[in-house]
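What the coordinates show
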Amino acid sequence: MRSSSTSGLLVGAAFVGLVKGHMSPFMKSMYGIGGSRNGQDWLYSAGDPVSPIGPDVPKQDDWWFRGPAYRALAPPAGAVTEIPAGGKVTMDITCHVAFSGVGWSTTTPGSKLDACPSGTAGPYHSGDASSYAVEDSLLSGCALGIADVDDISKVTMDNLAIFSVVEKCVKQRLTDFQVPAMMPKCTGAKCICAWFWLANSGQANFYMTAFDCSVTNANPAATKIGPLSDATWCKPGDASCKLTTGAKRPMYAYNTPTNVVLPGAPYVFNDDRPGYHASWSWKEGAQNDIFLPAGGDSADALAKRVADIAARKAANKKAARRDNAAEAGAMCTHTIKVPCAKLPALLEQLEDSSMLDGMMAGQGM
């Protein structure tokens, strides 16, 4: 009995040593893994793939797919994850490769905290880090994106599109992502895919894991993914703010450059933080509205899509100015070097709230 107990303590200690505070999917097709040692230890020569990227990384080359060293470590030839059109692709998401299906201490799917058996739910970014339960209401969502190029160096912000979203993520190890039925096949032998996650609770963490992929079961009538726009956040109940529809870029938050812009007044609650959920223009499941209509490669179709994007941005910008005017108008009790009656009209002409901030700063407000 004593021998058995000692063995259990040793195993437990080794198990705890594997626990990390963050997540990534693990698969043979992923980038950044340099090899194995005795078939049990993937070499992280480019950095641990579960570590968050940033925040505040100033150059895109240093955070894009985790940086140049990570991008340079391609998966083995032939290691490609299949993306079945109209089906689902299962991501094996854990806080250490050991717990995944390609690891050596694989957890049982559906067991408690199977994505990261650390004893607490802290690595899931779902509330109190000392809690023993994942709080569904605080899960942020994760997403899969695809670029129809066969070389990771050719992926850009303008050809990498989100095609599937899971709003309650990371919740468990094996996570199913629904694939649009009209997903077109890759032009070349493969595409480049990526997994994204933005934590709703805790630190401002951004994750971007690359892997080689190939679309299977593609419909011959499938069309290309349309021009990309950025996700928009709208305040609850604001009918004048328009959520983004159609093909969208991933949310590149917390580093530079960023495409995450919050209109109107600053957000306050965790639910307003950038994430793959409804208030940021995302729908659960397959993103079926991202494709061009039949004949959509025409110049007229593309021009119409670009015009729609411009109109939505203009409408949201006007709504943001209106919010600024209302908020500043309520401050007329302060001493401002502009007659109070003229303030709302003046603010309507401001291009952004930073000008208002400057006026107020000059008054010591």
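A quick note: this is a predicted structure, and the numbers were derived from the prediction, not measured.

Here we take up the state of the cysteines. For the coordinates displayed, the defined rule picks out 5 disulfides. For C95, the disulfide goes to C116, at an S-S distance of 2.1 Å. Taking the torsion about the S-S bond as the criterion, the C95 to C116 disulfide, at about 85 degrees, is right-handed. Here C95 is found in the loop between strand 3 (88-94) and strand 4 (142-147), whereas its partner C116 is found in the loop between strand 3 and strand 4, with 21 residues between them in sequence. Classification of C95 as buried rests on a relative accessible area of 0%.

In this section: the sheet that holds strand 2 (residues 81-84). In a beta sheet, neighbouring strands are held together by backbone hydrogen bonds and run either parallel or antiparallel to one another. Read across the open sheet, the 6 strands follow the order 2-8-7-4-5-9; overall the sheet is mixed. Two strands in the sheet have a free side with no partner beyond their single neighbour: strand 2 and strand 9 (285-286). Two elements, strand 4 and strand 5 (residues 161-166), share 5 bridges in a ladder whose sense is antiparallel. By the bridge assignment for strand 5, C142 is matched with V166.

Right, let's talk about the environment of G78 for a bit. Of note, G78 is situated in the loop between helix 3 (68-72) and strand 2. The spatial distance from the C-alpha of G78 to the C-alpha of K190 is 9.7 Å, given a sequence separation of 112 residues.

For the bond from G54 to P55, the omega torsion is 10 degrees, close enough to zero to count as cis. The topology assignment puts P55 in the loop between strand 1 (24-25) and helix 2 (60-63). Across the junction of C169 and V170, the peptide omega takes the value 0 degrees, indicating a cis bond. Mapping V170 onto the fold places it in the loop between strand 5 and strand 6 (174-178). Residue N217 is not a glycine yet carries a positive backbone phi of 60 degrees. Here N217 shows up in the loop between strand 8 (206-216) and strand 9.

With that out of the way, let us pick up the pattern of salt bridges. Throughout the structure, instances matching the rule amount to 6 salt bridges. In this structure, D158 engages R249 in a salt bridge whose closest nitrogen and oxygen atoms are separated by 2.7 Å. Of this pair, D158 sits in the loop between strand 4 and strand 5 while R249 sits in the loop between strand 8 and strand 9, placing them 91 residues apart in sequence. Its relative accessible area of 56% is what places D158 among the exposed residues. With a shortest N-O distance of 3.0 Å, D230 and R249 are connected by a salt bridge. Here the residue D230 occupies a position in the loop between strand 8 and strand 9, and R249 occupies one in the loop between strand 8 and strand 9, the gap between them amounting to 19 residues. We note that D230, like R249, is buried. Salt bridges sharing partners connect three or more residues here, namely D158, D230 and R249.

Further remarks concern the sheet that holds strand 6. Pairing within the open sheet is antiparallel, and its 3 strands lie in the order 1-3-6. What marks the edges here is a single partner per strand, and that holds for strand 1 and strand 6. Here strand 3 pairs with strand 6 via 5 bridges, running antiparallel. Among the inter-strand pairings, D92 is bridged to a residue of strand 6, identified as L174.

Moving on to the confidence of the model for the protein. Across the protein, the average pLDDT comes to 77, with 69% of residues at 70 or higher. Here residues 1-19 is a poorly scored stretch, pLDDT under 50, and it has 12 contacts once near neighbours within four places are set aside; other chains count. Note that residues 322-365 has pLDDT below 50 and, in this model, 43 contacts with residues that lie over four places away or in other chains.

In the structure shown here, the tally under the stated rule is 12 aromatic pairs. Taking the centre distance of 5.7 Å and the plane angle of 85 degrees together, the rings of W63 and F206 count as edge-to-face. On the criterion of sequence distance, the pair formed by W63 in helix 2 and F206 in strand 8 is long-range, its members being 143 residues apart. Summarising the burial analysis for this pair, W63 and F206 share the class buried. When the centroid spacing of 6.1 Å and the interplanar angle of 75 degrees are considered together, the rings of F196 and Y252 count as edge-to-face. Pair noted here: F196 is in strand 7 (residues 191-198) and Y252 is in the loop between strand 8 and strand 9, with a separation of 56 residues, a long-range link. Here F196 and Y252 have matching classes, each one buried. The ring of Y70 has R66 lying over it, and the distance from NZ or CZ to the ring centre is 5.9 Å. Cation over ring: K248 sits above W282, and NZ or CZ is 4.8 Å from the ring centre.

Criteria and thresholds
Chains are numbered independently. Their residues run from 1 in the order of the written sequence. In keeping with the model being predicted, local features are shown solely for residues with a pLDDT of at least 70 and side-chain atom pairs are shown and tallied solely at 80 or more, while totals for entire chains, interfaces and linings include all residues. Where side-chain values are given, they derive from all heavy atoms of the structure, hydrogens and water being excluded. We call a pair of cysteine sulfur atoms a disulfide when they lie within 2.5 Å. By definition, any uninterrupted DSSP run of H or I lasting at least four residues is a helix, any uninterrupted run of E lasting at least two residues is a strand, and each is numbered from the N terminus. A 1.4 Å probe rolled over the protein chains alone gives each residue an accessible area, and that area as a share of the maximum for its type sets the label: buried under 20%, exposed over 50%, partly exposed in between. At least two bridges found by DSSP between two strands are what make those strands a pair. Salt bridges are counted wherever a side-chain nitrogen of Lys or Arg sits within 4 Å of a carboxyl oxygen of Asp or Glu. As a per-residue quantity, pLDDT reports the predictor's confidence and falls between 0 and 100. Note on definitions: a residue-residue contact is assigned when non-hydrogen atoms from the two residues lie within 4.5 Å. Under the pairing criterion, centres of Phe, Tyr and Trp rings, with the six-membered ring standing for Trp, must be within 6.5 Å; the plane angle then separates stacked pairs below 30 degrees from edge-to-face pairs above 60, leaving the rest tilted. In this analysis the charged atom, NZ for Lys or CZ for Arg, is taken to sit over a ring once it is within 6 Å of the ring centre and within 35 degrees of the ring normal.

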